[in-house]
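Residues per chain are reported as follows:
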Amino acid sequence: MNQQQNIDFVLRTVEQRDIRFVRLWFVDVLGRLKSFAISPEDLEVAFEEGVGFDGSAIEGFATPEEADMLAFPDPSTFQVLPWRPSDNGVARVFCDICTPDRKLFAGDPRECLRAMFYRAEEAGFIMNVGAELEYYYFKNDQVPEPLDNVGYFDLSESDSARDLRRNTVLTLEKMSVPVEYTFHSAGPSQHGISLRHAEALTMSDAITTAKHIIRLEAFEAGCHAAFMPKPLSKAPSSAMFLHQSLFDREGNNVFYGDDDPVYHLSDTAKHYMAGILAHAREISAITNPTVNSYKRLTTGEGTTPEYAMWGLRNRSAMIRIPIYKPGKQLSTRIELRSPDPMANPYLVNAVTLAAGLDGIERKLELPAETTAAALRMSERELEQAGYTQLPRNLEEALDIFEDSQFMKDVLGEHIHSFFLTKKRLEWKKYASCVSQWEVDRYLSNS
């Protein structure tokens, strides 16, 4: 459907489903979900003229002197909220943020990703992304106390959250967020959910929606869902694995390579991977944006990336090549393993796509696959062998981020400057705290 057809469909649905409140959703620079509601009578005008709101109330959006902003609903994202009553119902729609002169706002993360998506489209590529989110359920948000001690993929009567996972999936599917599978992950009361692939902007909306619903369903069940990368020092960390691939306009997966019998990767895929590895340190502040993020990356768990490397079966690599269905064109993809659930998915997809496109444009050579022998090397030996270490803490990541012209160009001055300032303050305030949970539970997206 085109834009007008989408709008017509939304307006009909609002009338037929007795929708009395339409929630306008958008995210700030840090990826935190924001919302305000309008009446259905104002929705048609909102599509045409936008809805004014005070941008200075949103961190990183505007100063008090430049407070007026407009939210334009994106009709393709309209969904009725299934957890609200069917009478006098409630719907949501993601919005594009504009300035009063209707120019797209430079601080809107959705627009940052859309701009990069268009750049890829001009080069003949469409980015598809699948996501796997890990998170913990705790008894409350005051103390990180797990609900069970069940392990990875265990089918056990003591899996206290099996009904909670089921209700979460059913709600997500009612919101048109297709779930591939859910499971109990490796840690006590740790869980995972895999979202079926979609184009990059739709998937970023889906991740944002999924995190909100996971929290909401947990709250309704009397517990707390935590997306901290490392909430428990002696338990496995949580990641946001992103499965990325590029398709051409005819629907062919350009990552698939007929002439590569081992990896089934095309030259385009290898250049894309090389671009991400080349910019690995620069993008770390975006993919791993909190103090706690680096508790995960420096654990030595064996499944978390500490170096910019890639491998076929290597789950400690930054980029892994899944081989669940070897040789199948549509399934050929890369798995980016460094991002964590605290990251803003719009910005993560934007910067990794930009890095990959840079690798394609410059035809960067992919380094050799990391072998099992390399995993047994010491830090000094890895450095001597030429492996690039990822930042060890948020301060180091921000220093690299600040000096990166590449990141300034991709994100724009507004997002780059605010993100850097905000995260510098976070580092100074929280870096030396003894109890990381006491710190991060107060951060609104933990």
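Going by the structure above, here's the rest.
Conventions we followed
- Residues numbered from 1 in each chain as written.
- Predicted model: local features only at pLDDT ≥ 70, side-chain atom pairs only at ≥ 80, totals over all residues.
- Heavy atoms only, no water.
- Salt bridge = Lys/Arg side-chain N within 4 Å of Asp/Glu carboxyl O.
- Helix = DSSP H or I, 4+ residues; strand = E, 2+ residues; numbered from the N terminus.
- Buried < 20%, exposed > 50% of the residue type's maximum accessible area, 1.4 Å probe, protein only.
- Axes fitted to C-alpha atoms, helices over the stretch in contact; angles between N-to-C directions.
- Parallel < 35°, antiparallel > 145°, perpendicular 65-115°, else oblique.
- Left-handed = near helix turned anticlockwise from the far one by under 90°.
- Contact = heavy atoms within 4.5 Å.
- Nonpolar A, V, L, I, M, F, W, Y, C, P; charged D, E, K, R; others polar.
- Phe/Tyr/Trp six-rings, centres within 6.5 Å; stacked < 30°, edge-to-face > 60°.

With that out of the way, let us pick up the pattern of salt bridges. Scanning all chains against the criterion turns up 18 salt bridges. Between aspartate 96 and arginine 114 there is a salt bridge, and its shortest N-O distance comes to 3.1 Å. Residue aspartate 96 is found in strand S6 (residues 89–98), and its partner arginine 114 is found in helix H3 (residues 109–122); the two are separated by 18 residues along the sequence. Residue classification places aspartate 96 among the buried positions, given a relative accessible area of 14%. The buried category is assigned to arginine 114, whose relative accessible area is 12%. What you see here is one network of salt bridges that share partners, running through Asp74, Asp96, Arg110, Glu111, Arg114 and Asp205.

Relative orientation of the contacting elements helix H5 (residues 200–220) and helix H9 (residues 345–361) amounts to 150°, with a least axis distance of 8 Å. By the criterion of interaxial angle, the relationship of H5 to H9 is roughly antiparallel. Our pair here, H5 against H9, has a crossing hand that is right-handed. Counting all contacts with H5, which are made through Ala200, Leu201, Ser204, Asp205, Ile207 and Thr208, the residues of H9 involved are Pro345, Tyr346 and Asn349. Residues belonging to the contact of H5 with H9 are distributed by class as follows: 5 nonpolar, 3 polar and 1 charged.

With respect to the secondary-structure elements, leucine 81 resides in the loop between strand S5 (79–80) and S6. The class for leucine 81 is buried, based on a relative accessible area of 4%. The sequence separation of leucine 81 and isoleucine 19 amounts to 62 residues, and the corresponding C-alpha distance is 9.8 Å. Look past the residues within four positions of leucine 81 in its chain and what remains in contact with it is Trp25, Val90, Ala91, Arg92 and Met175.

The next subject is the packing of aromatic side chains. Here the structure, examined in full by the defined rule, presents 11 aromatic pairs. Ring geometry for tyrosine 263 versus tryptophan 310: centroids 5.1 Å apart, planes at 70°, classification edge-to-face. Taken together, the positions of tyrosine 263 in the loop between strand S11 (240–247) and helix H6 (267–278) and tryptophan 310 in strand S12 (residues 310–311) put the pair 47 residues apart, joining distant regions of the chain. The buried category is assigned to tryptophan 310, whose relative accessible area is 4%.

Everything listed here is a matter of coordinates, which is why it stays silent on function.
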